[in-house]
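Inside the fold
Listed here are the chains, written in short residue letters.
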Amino acid sequence: MAALSCPRTPSVSLTPQVAGASGNVVLDGHEDEEGVAEESYGEAIIAALGMARRNEVLARLYVIRTDVQYTVRQEALHVWKTVVVNTPKTLGQILPDLMQLVIESLADDGEDRQHAAARCLGELVRKMGERVLARIIPILREGVASPSAATRQGVCLGLKEVLDNMGRHQLQEHLAEVLPTVQSALTDADAHVREAAGAAFGILFKGSGGAGGGSAVDGVVPAMLAGLEHDKRYHESLEGLRVILMVRPQIFHFVCPKLLHRPLLLNNVRAIGELAEAAGTHLNNHLDELLPALLGAASGSRAVAAADGHDEADLASAGRAAASAAVVAVALAVDEEGLHLLVPEMVKALDDPATRNGAAQLISAFAAASKHEFQEHVPQLIQVRKGPGGGCWRAQRV
């Protein structure tokens, strides 16, 4: 990758000499116009380097056209116009090499290489459109199955750039091809790959209908929710949903009812606690659903089921423990502005025998761990009642 790192200009300047051209091309500022290249220049380069090496050199040259340094960009454009007769035809010939270089550069630690590769890919999609999309997307789809995590990350970053530069019509046309790739990457074992896939999903979400019922959500999220039900797929599905919510937390409005659907599943209960923080302020609108369900399970009045086999006695105990942990995580994830919604729900739960034990434990845990200033809510939390157990009396001493 030396052609992408400084000093770059001398490397670029060698190409016209190989072609037998003087390199004295006058650029008029219109990058899309061809220069004075002749077919003989291309033939000379192939004769000197061979087709494979020629494709690699021209791929590097095309990426350098979007270099972060202005002088390097101008020199690369100058050389390109000197040696390339037909840009669309040449890009078609070098596209596999170009995409490999772009993917590697996007996954590189150097910001200059990343920016140049991103701009290159965006320019390619904007200028060439359908002429290259039909070939780029399969290359990216294959790359996400690479054994190299760096390559998979580069593929996802490249996919984000492609999606960001596609028109809405193009996005809808290629959505069926792109969604499985994004879904696979969102559940990748590598956190960097998942993060890059989340950025690509954010573009999909914005461009395919937006709100919770959009095509991107319908195509990706249900499969991840289904994956939560099985222990073997739980972790990867959970991490995929976490990434999605960090990118588009409003999707929690779609996710929450699915997680609370009866029968309440053990892994869904665990997932609620894990995902609460990622939901952000959107969590507040679902407290009236979350607290009664979780506190009922924590108190033992609402059964918790499991898709995979569990001993009945162990499942009951695991369900109560998971619900207790999840409801505390939910309460602690509520921001200060949401306390006026959280506190009444906790108090209401103390009045219900079906949720009283779980509510008392929640209030005690919340009071001990919350970082919010909630003194104004203390009078509501101090309940003078004859509780059925010590838990309620602990809750009284907030």
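For the structure, check the block above.
Everything quoted here is computed from the prediction, not taken from an experiment.

For the rest of this paragraph, the subject is the overall build of the chain. The secondary structure content of the chain amounts to 20 helices and zero strands. With 398 residues in all, the chain has 50% of them scored as buried. For the chain, restricting intrachain contacts to residue pairs at least 6 apart in sequence, the fraction spanning at least 24 positions comes to 74%. When the accessible surface of the chain is split by element, carbon and sulfur atoms take 52% of a total near 17,900 Å².

The next subject is the side chain of H286. Assignment of secondary structure puts H286 in the loop between α14 (266-275) and α15 (287-299). Note on H286: relative accessible area 6%, which makes it buried. Of the polar contacts made by the side chain of H286, one reaches the side chain of E289; its length is 2.8 Å. Contacts of H286, omitting those with residues within four sequence positions, involve F252, H253 and C256.

For helix α17 (residues 339-351), which comprises 13 residues, the first-to-last C-alpha distance of 19 Å matches the rise-based estimate of 18 Å (1.5 Å per residue) to within 8%. Within the span of α17, buried status applies to L339, L342, V343, E345, M346, V347, A349 and L350.

Let us now look at the packing of helix α3 (residues 51-64) against helix α4 (residues 70-83). Look at α3 against α4: their axes get within 8 Å of each other, and the N-to-C directions meet at 135°. With respect to α4, the axis of α3 lies oblique. The handedness of the crossing between α3 and α4 comes out as left-handed. Across the interface between the two elements, L58, L61, Y62 and I64 from α3 touch V72, R73, A76, V79, W80 and V83 from α4. Residue composition of the contact of α3 with α4, by class: nine nonpolar, no polar and one charged.

With that out of the way, let us pick up the environment of L95. Relative to the helices and strands, L95 resides in helix α5 (residues 87-106). The class for L95 is buried, based on a relative accessible area of 1%. Each C-alpha atom of the pair L95 and L58 lies 10.0 Å from the other, and the pair is 37 residues apart in sequence. Setting aside residues no more than four positions away along its own chain, L95 makes contact with L124, V132, R135 and I136.

Let's shift gears to the nonpolar core. L98, L124, I136 and F201 are the most contacted members of the largest nonpolar core, which has 117 residues in total. Looking at which element gives the most residues to this core, the answer is α5, with nine residues. For I136, the contacting residues outside a window of four places in its chain are L95, M99, L121, L124, V125 and V162.

Here we come to unusual backbone geometry. In the segment running from R262 into P263, the intervening peptide bond is cis, with an omega of -5°. By the secondary structure assignment, P263 is in the loop between α13 (252-259) and α14.

Pairing is possible between side chains of opposite charge, provided their charged atoms come close. Here the structure, examined in full by the defined rule, presents 12 salt bridges. For R141, the salt bridge goes to E177, with nearest N and O atoms at 3.7 Å. Here R141 is found in helix α7 (residues 130-143), whereas its partner E177 is found in helix α9 (residues 168-186), with 36 residues between them in sequence. Residues K160 and E161 are paired through a salt bridge, measuring 3.9 Å at the closest nitrogen-oxygen approach. Salt bridges sharing common partners tie together R194, E239, R242 and E274.

Counting through the fold element by element, K127 comes out in helix α6 (residues 111-128). Owing to a relative accessible area of 32%, K127 belongs among the partly exposed residues under this scheme. Placed 39 residues apart in sequence, K127 and P88 show a C-alpha to C-alpha distance of 9.5 Å.

Looking now at the environment of L238. Positionally, L238 belongs in helix α12 (residues 231-247). Aside from chain neighbours lying at most four places away, what touches L238 is L228, A271, E274 and L275.

Calculation rules
- Residues numbered from 1 in each chain as written.
- Predicted model: local features only at pLDDT ≥ 70, side-chain atom pairs only at ≥ 80, totals over all residues.
- Heavy atoms only, no water.
- Helix = DSSP H or I, 4+ residues; strand = E, 2+ residues; numbered from the N terminus.
- Buried < 20%, exposed > 50% of the residue type's maximum accessible area, 1.4 Å probe, protein only.
- Contact = heavy atoms within 4.5 Å.
- Areas by Shrake-Rupley, 256 points an atom, 1.4 Å probe, with all protein chains shown as cover.
- Polar contact = N/O pair within 3.5 Å; in protein donor to acceptor, adjacent residues only side chain to side chain.
- Expected span 1.5 Å × (residues − 1).
- Axes fitted to C-alpha atoms, helices over the stretch in contact; angles between N-to-C directions.
- Parallel < 35°, antiparallel > 145°, perpendicular 65-115°, else oblique.
- Left-handed = near helix turned anticlockwise from the far one by under 90°.
- Nonpolar A, V, L, I, M, F, W, Y, C, P; charged D, E, K, R; others polar.
- Core = buried A, V, L, I, M, F, W, Y, C linked by side-chain atoms within 4.5 Å.
- Salt bridge = Lys/Arg side-chain N within 4 Å of Asp/Glu carboxyl O.

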